[in-house]
Structure formats: C-alpha cells, structure tokens
Amino acid sequence: MSQLAQVNSSVRPVIHLWIFNHPFYGISDQVEFFKLSFVEHGYPVSVGRQPRLGALNVVIENFSELSSEILCNFCRSTGKRVAVIMTEHLDFIGDRIFIHGEPLWQENDYMPSATQASRIKNLMDCAPYIRSFIVLGDLPELKDIGSIFSGIGVRQIPFPSLESRPKKVEEIPVDGHSDLVFTGYMTSYRRELLSEIAKKLCVACPEKFVSRKVRDSMNRNAKIVLNLPQRQGWRWVSLMRIIAALRCGRATISISTRDTSLVAACATQIDAGRLGWLDALQEHVARWESLYEQSLADYMRLVESFGTKVGFPDDLFDYWSIVEGLRDNAVP
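What counts, and at which threshold
Residues numbered from 1 in each chain as written. Predicted model: local features only at pLDDT ≥ 70, side-chain atom pairs only at ≥ 80, totals over all residues. Heavy atoms only, no water. Axes fitted to C-alpha atoms, helices over the stretch in contact; angles between N-to-C directions. Helix = DSSP H or I, 4+ residues; strand = E, 2+ residues; numbered from the N terminus. Parallel < 35°, antiparallel > 145°, perpendicular 65-115°, else oblique. Contact = heavy atoms within 4.5 Å. Nonpolar A, V, L, I, M, F, W, Y, C, P; charged D, E, K, R; others polar. Phe/Tyr/Trp six-rings, centres within 6.5 Å; stacked < 30°, edge-to-face > 60°. Buried < 20%, exposed > 50% of the residue type's maximum accessible area, 1.4 Å probe, protein only. Arc of directions from axis to C-beta. Salt bridge = Lys/Arg side-chain N within 4 Å of Asp/Glu carboxyl O. Disulfide = S-S within 2.5 Å. Pairing = 2+ DSSP bridges. Polar contact = N/O pair within 3.5 Å; in protein donor to acceptor, adjacent residues only side chain to side chain. Expected span 1.5 Å × (residues − 1).

Caption draft 1: Examining the packing of helix 8 (residues 277-286) against helix 9 (residues 288-309) more closely. Running from N to C, helix 8 and helix 9 point in directions that differ by 85°, and their axes come no closer than 5 Å. As judged from the angle between their axes, helix 8 and helix 9 are roughly perpendicular. The residues of helix 9 that touch helix 8, namely those facing His-284, Val-285 and Ala-286, are Trp-288, Glu-289 and Leu-291. Its residues assigned to classes, the contact of helix 8 with helix 9 shows 4 nonpolar, 1 polar and 1 charged.

Put into structure tokens, the structure is as follows:
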C-alpha cells in the first residue's frame, strides 16, 4: 500500500492563503473562489497577511522584487514551500513566451510590457520554492509552462458552488437602471466597444476601479453584465466576472472573445465583427431573465461535471503535508 493510500482521507491539512503582495480589495473574488472550493472539499482554510508555519501556504502571483524576496527568505529560513495561484495568461508556444495571448514585449495599454517581463522574472526567482502552480477553474490555460518552470506542475481547483443561493428569476427586479454594466479596467479597445454599444443600449460604466460592494450593486441595477476583452484578439472571458454576475442574479455577455474554455459556456459570446451584432445584443438584453436562468443552469452543470471529471487535487496536499511534517497538525 502506498504512503498516500495509508493517509486517512478524512484528515486534511490546514491551507493558508498568504496575502502579502496584493491589496485585498483587488483579489476578493479569487479569495472567495479559493475558500469556497477548499471548504467544500473538507479543508480548513485561513487567510492572512503573514505565512503560517503549521499550514500549507498558498500565495497569488504578481511579485515585485521586494515581495519575491520576502517569499524566498521565508522559504529559505523555514524549509517550507508555497503553491502559487496563477491569474495571468502565460504560455510557452513554439519556443516563445506569450503573455495575454501575445508574444512577450508587445506594447499595449492594458499592462506595460516591462511590467509583464518583471512579473515573469520575479516569478522565476521564486521557482525553487514553489511546490505547485494552482489554477482556479480552467483558466488560465498555462500552455507548456513546464518548459519555462521545469519540474513545477499545474493543478486545477474545481469550481465551487455559489456562496449565496442566487435569486429565482421571479424575485429579481425587472426594471434595472441600465441595460448593461461594465466595471473592468478601461483600455482604448474597451472604450471603442462601449461607444458602439451605447448607440443602441444604456450602459453603466464607472470607468474606474470600484469596490466589490459597489460592483455588485451596479450589477444588480443592470439587466446584463458585460465582459469586454482588454484588446482586439484577446480571446478569453473573465471567469471571476461571470461568477460575480451569477451571484447577483445576472448573466454575462462577452463581446468579441473566442473562448472555448469550460467556463466560457456559462456566458454568451457575440462577435462584434459580424453584421448585426448590436441587434443580437439588444435581443439578448430583451430576454435577460431567461438568459440568467440558462447561465445559472450551465454553471451548476459545470460545477458537477468538473468535480467528477477533474476532481480535487487531494494527492498534492496530502504528499505536501507529509513532506512538511504537518500530519500532526491536520484537522480530522
């Protein structure tokens, strides 16, 4: 019998989300996804600004020179390792590094190329101390990332059930203040799309970062939540935006993305390059209640099917807790 098989599957190590390199308000959706999924699978979870010696520590990528040094010093001094939640689309294709779907060093108005390169370099500095990369759901894909970070695996955390049960459609106010709402970071391409949409529909857009509370309020005051790509050619939907919209009783429509990921099936994608796309958008807004019901059903099916087909990476955390001598600290 293997060592893993001898581990009592009902005993789980404490998982600690160590947030020291982000303002909490910028990652609240990721924290919620993480906590819900781990708790649903029987793991005790804590979140804090300091690491925990008696837990398996997990961090969220986006390291500066300083924060990467903090992480490395902690691991060197304690012998511990961390798992890193990946949030950016980072791929290795044909001997080239791609970030956000474009080769590294391509200028854009979403994230300066120097910032992109710095994030990758600082992540590489942490590589000796990374036990595993973690992806929330099925995005980002991280194609062939093992060619860049040799020996570091990628594991997926299943989609959680929604924290608060969404309202039934008959309980949702019919008269929203706007047809659509968009609350993401503004880029020139997003402005172009919003300008076109505003010719036919009423769109709410704060054009600045807003708190989760304000965002949720804006979502509830619109009929549909918009997902707009950061630039032309950006093909992915925002997983967190889709889930946030469903929590508020709203569906998401994504414009000009060509996402084939599993979570993309929980949103409606419309190609802005096709004739009559604004009419199609208008028709979807007119039936926003049924679109929400459809999206919610799609997400609930995704939660079940992903959990069945992919499952939770218990083996990673079991082996990791044995290596770090945490079995005595596991919670029965």
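Caption draft 2: How the structure looks around the packing of aromatic side chains. For the structure on display, the rule yields 16 aromatic pairs. An angle of 85° between the planes, with centres 5.3 Å apart, marks the rings of Phe-133 and Phe-149 as edge-to-face. Of this pair, Phe-133 sits in strand 8 (residues 130-136) while Phe-149 sits in the loop between strand 8 and strand 9 (154-157); the two residues are 16 residues apart in sequence, bridging distant segments of the chain. Here the aromatic cluster, defined as three or more aromatic residues joined through ring pairs, consists of Phe-34, Phe-38, Tyr-43, Phe-312, Phe-317 and Trp-320.

Caption draft 3: Structural view of helix 5 (residues 188-197). Listing the buried residues of helix 5 in full gives Tyr-189, Arg-190, Leu-193, Leu-194 and Ile-197. Across the axial projection of helix 5, the buried residues extend over an arc of 135°, all falling on one side.

Caption draft 4: Structural context of the pattern of salt bridges. Scanning the model with the defined rule gives 21 salt bridges in all. Between Lys-199 and Glu-196 there is a salt bridge; the shortest N-O distance is 2.8 Å. Residue Glu-196 is classed as partly exposed on the basis of its relative accessible area of 32%. Shared partners join several salt bridges into a network, and the residues in it are Asp-29, Glu-32, Arg-212, Arg-215, Asp-216 and Arg-247.

Caption draft 5: A look at the state of the cysteines. By the definition in use, this model includes 0 disulfides. There is no disulfide at Cys-72, and the cysteine sulfur nearest it, in Cys-126, is 4.3 Å away. Residue classification places Cys-72 among the buried positions, given a relative accessible area of 4%. Free cysteine: Cys-75, not disulfide-bonded; nearest cysteine sulfur from Cys-72 at 6.9 Å. Cys-75 gets classed as buried once you look at its relative accessible area, which sits at 1%.

Caption draft 6: A look at the sheet that holds strand 6 (residues 96-99). The strand order 5-6-7 describes an open sheet built from 3 strands, whose pairing is antiparallel. Looking along the sheet, the strands with just one partner apiece sit at the ends: strand 5 (90-93) and strand 7 (102-103). Alignment of strand 5 against strand 6, held across 4 bridges, turns out to be antiparallel. Within strand 6, the position partnered with Phe-92 by the bridge is Ile-97.

Caption draft 7: How the structure looks around the side chain of Glu-32. In this fold, Glu-32 is placed in helix 2 (residues 28-40). In this structure the side chain of Glu-32 is engaged in a polar contact, spanning 2.5 Å, whose partner is the side chain of Arg-212.

Caption draft 8: Quick peek at the sheet that holds strand 4 (residues 82-85). Reading across the sheet, the 6 strands line up as 2-1-3-4-8-9 and stay open at both edges, with parallel pairing between neighbours. Only two strands of the sheet have a single neighbouring strand rather than two, namely strand 2 (45-48) and strand 9. Adjacent strand axes in the sheet meet at a mean angle of 30° when their direction is disregarded. Pairing of strand 4 with strand 8, which is carried by 4 bridges, proceeds in the parallel orientation. If you follow Ile-85 over to strand 8, its bridge partner there is Ile-134. Lying over the sheet, helix 3 (residues 65-78) contacts strand 1 (15-18), strand 3 (56-60) and strand 4, oriented at roughly 145° with respect to strand 1.

Caption draft 9: Region of interest: unusual backbone geometry. Residue Pro-140 follows Leu-139 across a cis peptide bond; omega there is 0°. One non-glycine residue, Asp-95, lies in the positive phi region at around 65°. Secondary-structure assignment places Asp-95 in the loop between strand 5 and strand 6. At Ser-256, a residue that is not glycine, the phi angle is positive and equals roughly 60°. Of note, Ser-256 is situated in the loop between strand 13 (251-255) and strand 14 (268-270).

Caption draft 10: Inspection of helix 2 at higher detail. Given a rise of 1.5 Å per residue, 13 residues ought to cover 18 Å, and the 18 Å separating the end C-alpha atoms of helix 2 matches this to within 8%. Counting buried positions along helix 2 gives 10 out of 13 residues, so the element sits mostly inside the fold. Within the sequence span of helix 2, burial applies to Ser-28, Asp-29, Gln-30, Val-31, Glu-32, Phe-33, Phe-34, Leu-36, Ser-37 and Phe-38. Immediately beyond the C-terminal end of helix 2, within one or two residues, lies Gly-42, with a positive phi of roughly 90°.

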